[in-house]
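Residue-level structural notes
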Amino acid sequence: MTVLGSGARRRLIPGTDPFDGDLAMRGFALNDMCYSFNHAENREAFRQDEEAYMARYNLTEEQKDAVRQRDVLAMLEAGGNVYYLAKLAGILGLNVQDLGALQTGMSVDEFKAMLLSHGVTIREGEFA
Amino acid sequence: MTVLGSGARRRLIPGTDPFDGDLAMRGFALNDMCYSFNHAENREAFRQDEEAYMARYNLTEEQKDAVRQRDVLAMLEAGGNVYYLAKLAGILGLNVQDLGALQTGMSVDEFKAMLLSHGVTIREGEFA
Amino acid sequence: MSTISGGIFTSHVPGIGNAIAKGLQQDPYWKPFFDGFQPVHRWLDRVKPDVAVVFYNDHGLNFFLDAMPTFAIGAAPEYRHEDEGWGIAFPKPYPGIPELSWQIIEEVVESEFDPVMCQKMLVDHAVAVPFELAWPDAEAFPVKLVPIAINTVQHPLPSPKRCRDLGLAVGRALRAWEGDEKIVVMGTGGLSHQLEGKRAGHLNVDYDKFCMDNLVSDPDALLKHSTLEIVELAGSQGVEILNWIAARAALGDDCREISRNYHIPISNTAAATMLVETREAVSA
Amino acid sequence: MSTISGGIFTSHVPGIGNAIAKGLQQDPYWKPFFDGFQPVHRWLDRVKPDVAVVFYNDHGLNFFLDAMPTFAIGAAPEYRHEDEGWGIAFPKPYPGIPELSWQIIEEVVESEFDPVMCQKMLVDHAVAVPFELAWPDAEAFPVKLVPIAINTVQHPLPSPKRCRDLGLAVGRALRAWEGDEKIVVMGTGGLSHQLEGKRAGHLNVDYDKFCMDNLVSDPDALLKHSTLEIVELAGSQGVEILNWIAARAALGDDCREISRNYHIPISNTAAATMLVETREAVSA
Ligand SMILES: [Fe+3]
Ligand SMILES: [Fe+3]
């Protein structure tokens, strides 16, 4: 659950924390580090020495711990934005189903089965 | 005189070329080079070898010639934006009165005299 | 006189780009999505548009939180895709048409929008994947690009109405363009999906159907939910429907749906592709 | 409850920064301008504002033409000035108040503005010079900064009305702020000047007087000219009056002029400083 913005703009969405100013302020260092991972040499530098790399980007202790533990929910709680975290996930060898499983407490197979439970194909119009 | 924008948005202003999309497209390389002069080491690199530095930023021949000649009007014509050109002017040892003189065809003293001809001081309100 | 020929609406998730890079288009998992482009390929072969105006969102390639635009409009002579963190960089450049970009910028600023004007810009998978999908065999892309990025990364996002109004202003600029180009408008992203949080994996077939059913015939129906309501309905990435809303508005009133493809699951996403044609295109 | 205490409007040309760096405040050439800050200093000593919301334009320190915003709002914990090409970097940091920045961003996006949100940002002489002028002897600046940059560099610029409306929206956000800070609003730049082209050195005392005479009592009078008409009247840099227009609107209706100083020539500029106080400030 989340509280977004201030005053009349607050809105609760189950299981969802829209990335707003509050989270953006909290997460800047973590997101800044993850943004650097667009460059392969930075990904390699992180792989070589995670602690040194996190220190270079001034991550908070909370952020460092979340990364050390591969705890995605804790990364989000520490202000991580999913679009930047996705670049870190790649380094950690996690695809989006792995991420989904980690965050929902399901196994990867359970998570995939959950997606499949919505399985549907709709096709309309000018197909050959 | 200039023609700004397209269609109904055209407007002629004597002696003034508002920096719009047309000029921005024309001047990108020159402005890109001048923006780099925020850094002292880049100013020094330009001083050491102007030709090499201009080549590095892919200036057009028209832009290079304007810089070689210290021809401010030609720099503007080649798409230079005054806010970025101001950084180059500093390297060339030109202050804003020098620039004014160069562009108007006056001597620096004539240009200063022209400014002074508007000389006025207005002071109102709670002064001691 | 330019013609707005039609619109292509499609999901753009990186997983699709990965499948393209690996040549998995005929793989049973991916085929139901890629096959959705058969009508698009036939239409593009027939219409041969010259320009693509693409409403999309940047996911952290060109823009970062140091300076996150609400709306950004490319005005570069050429755009490139680059590695976004997973080692894939689509090599073909995207030629620009800066004169048209500036016409759009002039029109939207006149209409009280506050765009960022980008003379140098990387485009991410939200442009690259739709281009690979639309022109899979092209040696070089046969269209010139005007990329228009909408913030879906950091709240407050623009409202659906604001995105609709942006699309309307862009449509006015395209109609006023004096070149004789045929223009295709693209809206990328969606449909329902959510990558992060305890609700990761959220999908909403009913909301997606609502969007697809109304996109052509009654697009303003999509404005009845606020941006945060859309996040709740469609998921935090499902809010990319904002790109579809803007693109749809640019098309104008008079158009018809040619094809629709919707398939779950593609990656964690309800993947959809829709092709829309304007009456202009038919009479042109 | 926060209070908007007043507004400081002032020229910001680099030449003034150079004079400060060289300690020329008492030099006969510069003194007529610097003396204009005596009422400002007394007012700041009395009111002691906690926050400065500054409408200004970036001249090529933080933003370049790769991504030129129409409006950009700082939301950083701290801002810095740096060398802009002539070797002067004012060393004192500018503390931020990101919570208030975000409140402003929420309000303006809600009001259909499309700002760039900047969590990391350098501020140029258009913030640094007014701060040095306002607090010349401060060990550390006694106010927290919200910088709001308006594009005056690359046309199309926003219209005067659009800048006024932005100021109104920012004013609403400030009034809704639940902190008990006293807020000073600043508008920097102007008045008439033009650095480039065959008309370099253009000045327009009549137009400047028109602006100063109406700024407090009838600010909407300044909207009767379009942005390009202002360029013609005030010069291509005189269009920085847009920053004044936005700042004035944020102040609200009920205010009075405390002082005015206008002097030609300062550098190539008609240099002006105005101090305005709100009724709120008087009753607070
Ligand atoms: Fe996406
Ligand atoms: Fe200025």
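Please read these numbers as outputs of a predicted model, since none were measured by experiment.

The rules we used
Residues numbered from 1 in each chain as written. Chains lettered and ligands numbered in written order. Predicted model: local features only at pLDDT ≥ 70, side-chain atom pairs only at ≥ 80, totals over all residues. Heavy atoms only, no water. Helix = DSSP H or I, 4+ residues; strand = E, 2+ residues; numbered from the N terminus. Rg over C-alpha atoms; globule rule 2.2 N^0.38 Å. Buried < 20%, exposed > 50% of the residue type's maximum accessible area, 1.4 Å probe, protein only. Contact = heavy atoms within 4.5 Å. Areas by Shrake-Rupley, 256 points an atom, 1.4 Å probe, with all protein chains shown as cover. Disulfide = S-S within 2.5 Å. Pairing = 2+ DSSP bridges. Axes fitted to C-alpha atoms, helices over the stretch in contact; angles between N-to-C directions. Donors = N, O, S within 2.8 Å, 3.2 Å for Na, K, Ca; no water. Phe/Tyr/Trp six-rings, centres within 6.5 Å; stacked < 30°, edge-to-face > 60°. Left-handed = near helix turned anticlockwise from the far one by under 90°. Nonpolar A, V, L, I, M, F, W, Y, C, P; charged D, E, K, R; others polar. pLDDT = per-residue confidence, 0-100. Parallel < 35°, antiparallel > 145°, perpendicular 65-115°, else oblique. Buried area = accessible area lost by both parts, 1.4 Å probe. Polar contact = N/O pair within 3.5 Å; in protein donor to acceptor, adjacent residues only side chain to side chain. Salt bridge = Lys/Arg side-chain N within 4 Å of Asp/Glu carboxyl O.

**Points about the overall build of chain C**
When you go through chain C residue by residue, the secondary structure sums to 10 helices and 10 strands. For a compact globule of 284 residues, the expected C-alpha radius of gyration is about 19 Å, and chain C comes in at 17 Å, within 12% of that figure. Seen through its C-alpha atoms, chain C measures out along the principal axes to roughly 50 × 40 × 40 Å. Residue burial in chain C is summarised as follows: out of 284 residues, 73% are buried. The contacts in chain C between residues at least 6 apart in sequence include a share of 79% that link residues at least 24 apart. Surface summary for chain C: the accessible area is close to 8,300 Å², and the carbon and sulfur share equals 51%.

**Quick look at the state of the cysteines**
All names here are of chain D. The full count for this structure, using the stated rule, is zero disulfides over all chains. Summary of cysteine pairing: C211 is not part of a disulfide, and the nearest cysteine sulfur, belonging to C163, is at 13 Å. For C211, a relative accessible area of 2% gives the class buried.

**Observations regarding the environment of I241 of chain D**
Residues and elements named next belong to chain D. Structurally, I241 is set in helix 9 (residues 241-251). For the pair I241 and L191, spaced 50 residues apart in sequence, the C-alpha separation works out to 6.5 Å. Setting aside residues no more than four positions away along its own chain, I241 makes contact with L191, Y207, C211, L222 and I230.

**Focus: the sheet that holds strand 6 (residues 116-118) of chain C**
Spatially, 1(A)-9(C)-10(C)-1(C)-8(C)-2(C)-7(C)-3(C)-6(C) is the arrangement adopted by the nine strands of the open sheet, whose pairing is mixed. Two strands bound the open sheet, and with one partner strand each, they are strand 1 (120-125) of chain A together with strand 6 of chain C. Neighbouring strand axes in the sheet, compared pairwise and without regard to direction, differ in orientation by 15° on average. The pairing of strand 2 (residues 51-56) of chain C with strand 8 (residues 182-188) of chain C spans five bridges and is classified as parallel. Directly across from V51 of chain C, in strand 8 of chain C, lies its bridge partner I183 of chain C. In the packing of helix 6 (residues 160-176) of chain C onto the sheet, the strands contacted are strand 1 (3-10), strand 2, strand 3 (71-74), strand 7 (144-150) and strand 8 of chain C, and the crossing angle to strand 2 of chain C comes to about 170°.

**Let's talk about the coordination of the iron ion (ligand 2)**
Residue and element names in this part refer to chain D. Donor atoms from the polypeptide that bind the iron ion (ligand 2) are H12 (NE2), H59 (NE2) and E240 (OE), placed at 2.0 to 2.2 Å. In terms of primary sequence, the donors binding the iron ion (ligand 2) are separated according to H-x46-H-x180-E. Here H59 is found in the loop between strand 2 (51-56) and strand 3 (71-74), whereas its partner E240 is found in the loop between helix 8 (227-234) and helix 9, with 181 residues between them in sequence. Per residue, the accessibility class of H59 equals that of E240, and both read buried.

**A look at the sheet that holds strand 1 (residues 3-10) of chain D**
Reading across the sheet, the nine strands line up as 1(B)-9(D)-10(D)-1(D)-8(D)-2(D)-7(D)-3(D)-6(D) and stay open at both edges, with mixed pairing between neighbours. If you trace the sheet from one side to the other, it starts and ends with strand 1 (120-125) of chain B together with strand 6 (116-118) of chain D, each paired once. Along the sheet, successive strands turn relative to each other by an average axial angle of 15°, direction set aside. Sheet topology places strand 9 (residues 255-266) of chain D next to strand 10 (residues 269-278) of chain D; nine bridges connect them, and they run antiparallel. Each residue of the ladder has a partner; that of R260 of chain D, found in strand 10 of chain D, is M274 of chain D. Sitting on the sheet, helix 5 (residues 125-134) of chain D touches strand 1, strand 2, strand 7 (144-150) and strand 8 (182-188) of chain D, and the angle it makes with strand 2 of chain D is about 135°.

**Overview of the packing of aromatic side chains**
Aromatic rings in a pair are described by how distant their centres are and how their planes are angled relative to each other. Residues and elements named next belong to chain C. Counted according to the given criterion, the structure contains 40 aromatic pairs over all chains. Taking 5.3 Å as the distance between ring centres and 80° as the angle between the ring planes, the aromatic pair formed by Y94 and F131 counts as edge-to-face. Of this pair, Y94 sits in strand 5 (residues 94-95) while F131 is found in helix 5 (residues 125-134), placing the two residues 37 residues apart along the sequence. The exposure class of Y94 is buried, given its relative accessible area of 0%.

**Some remarks on the coordination of the iron ion (ligand 1)**
All names here are of chain C. Of the protein atoms, only H12 (NE2), H59 (NE2) and E240 (OE) coordinate the iron ion (ligand 1), at distances of 2.0 to 2.2 Å. The sequence pattern describing where the donors of the iron ion (ligand 1) fall on their chain is H-x46-H-x180-E. Here E240 lies in the loop between helix 8 (227-234) and helix 9 (241-251) and H12 lies in the loop between strand 1 and helix 1 (14-21), a separation of 228 residues in the sequence. For the pair H12 and E240, one class covers both residues: buried.

**Comments concerning the packing of helix 6 (residues 160-176) of chain D against helix 9 of chain D**
Residues and elements named next belong to chain D. For the pair helix 6 and helix 9, the least separation of the axes is 7 Å and the interaxial angle reads 35°. Considering the relative orientation of helix 6 and helix 9, their crossing is right-handed. For the pair helix 6 and helix 9, contact is made by P160, C163, R164, G167, L168, G171 and R175 and by L242, I245, A246, A249, A250 and L251, respectively. Its residues placed into classes, the contact of helix 6 with helix 9 shows nine nonpolar, two polar and two charged.

**Concerning the confidence of the model for chain C**
One rule of thumb: low pLDDT means the predicted coordinates there are not for detailed reading. Looking at chain C as a whole, the pLDDT averages 97, with 100% of positions reaching at least 70. For this predicted complex, the interface confidence reaches an ipTM of 0.96, while the overall pTM sits at 0.97.

**Notes on the packing of helix 1 (residues 21-36) of chain A against helix 4 (residues 98-110) of chain D**
Axis separation between helix 1 of chain A and helix 4 of chain D bottoms out at 10 Å; the angle between their running directions is 140°. With respect to their mutual orientation, helix 1 of chain A and helix 4 of chain D come out oblique. The handedness of the crossing between helix 1 of chain A and helix 4 of chain D comes out as right-handed. Counted together, G21, A24 and M25 of chain A of helix 1 of chain A and P98, E99 and W102 of chain D of helix 4 of chain D form the full contact between these two elements.

**Remarks on the interface of chain B and chain D**
Listed as interface residues are 49 residues of chain B and, on the opposing side, 55 residues of chain D. When the two sides are added together, the surface that chain B and chain D hide from each other amounts to roughly 4,500 Å², 57% of it contributed by carbon and sulfur. For the interface between chain B and chain D, the tally reads 25 residue pairs in polar contact (both at pLDDT 80 or more). Those elements that provide at least two residues to the side of chain B that touches chain D are helix 1 (21-35), helix 2 (40-48), helix 5 (72-77), helix 6 (82-91), helix 7 (96-104), helix 8 (108-117) and strand 1 of chain B. In the side of chain B that touches chain D, the residues fall into 26 nonpolar, 14 polar and nine charged.

**Comments concerning the pattern of salt bridges**
By the definition in use, this model includes 47 salt bridges over all chains. Measuring nitrogen to oxygen at the nearest pair gives 4.0 Å for the salt bridge that ties E112 of chain C to R162 of chain D. Of this pair, E112 of chain C sits in the loop between helix 4 (98-110) and strand 6 while R162 of chain D sits in helix 6, each in a different chain. Overall, E112 of chain C belongs to the partly exposed group, its relative accessible area being 24%. For R80 of chain D, the salt bridge is made with E78 of chain D, and the minimal N-O distance between the two is 3.3 Å. Note on E78 of chain D: relative accessible area 39%, which makes it partly exposed. Each of E112 and D114 of chain C together with K161, R162, R164, D165 and D220 of chain D takes part in salt bridges that share partners, so that together they form one network.

**Focus on the environment of Q237 of chain C**
Tracing the sequence through the fold places Q237 of chain C in the loop between helix 8 and helix 9. Q237 of chain C sits 44 residues away from H193 of chain C along the chain, and the two C-alpha atoms are 5.5 Å apart. Excluding its chain neighbours within four sequence positions, the residues that come into contact with Q237 of chain C are V82 and Y83 of chain A together with H193, Q194, L195 and E196 of chain C. A distance of 3.1 Å separates a polar atom in the side chain of Q237 of chain C from a polar atom in the side chain of E196 of chain C.

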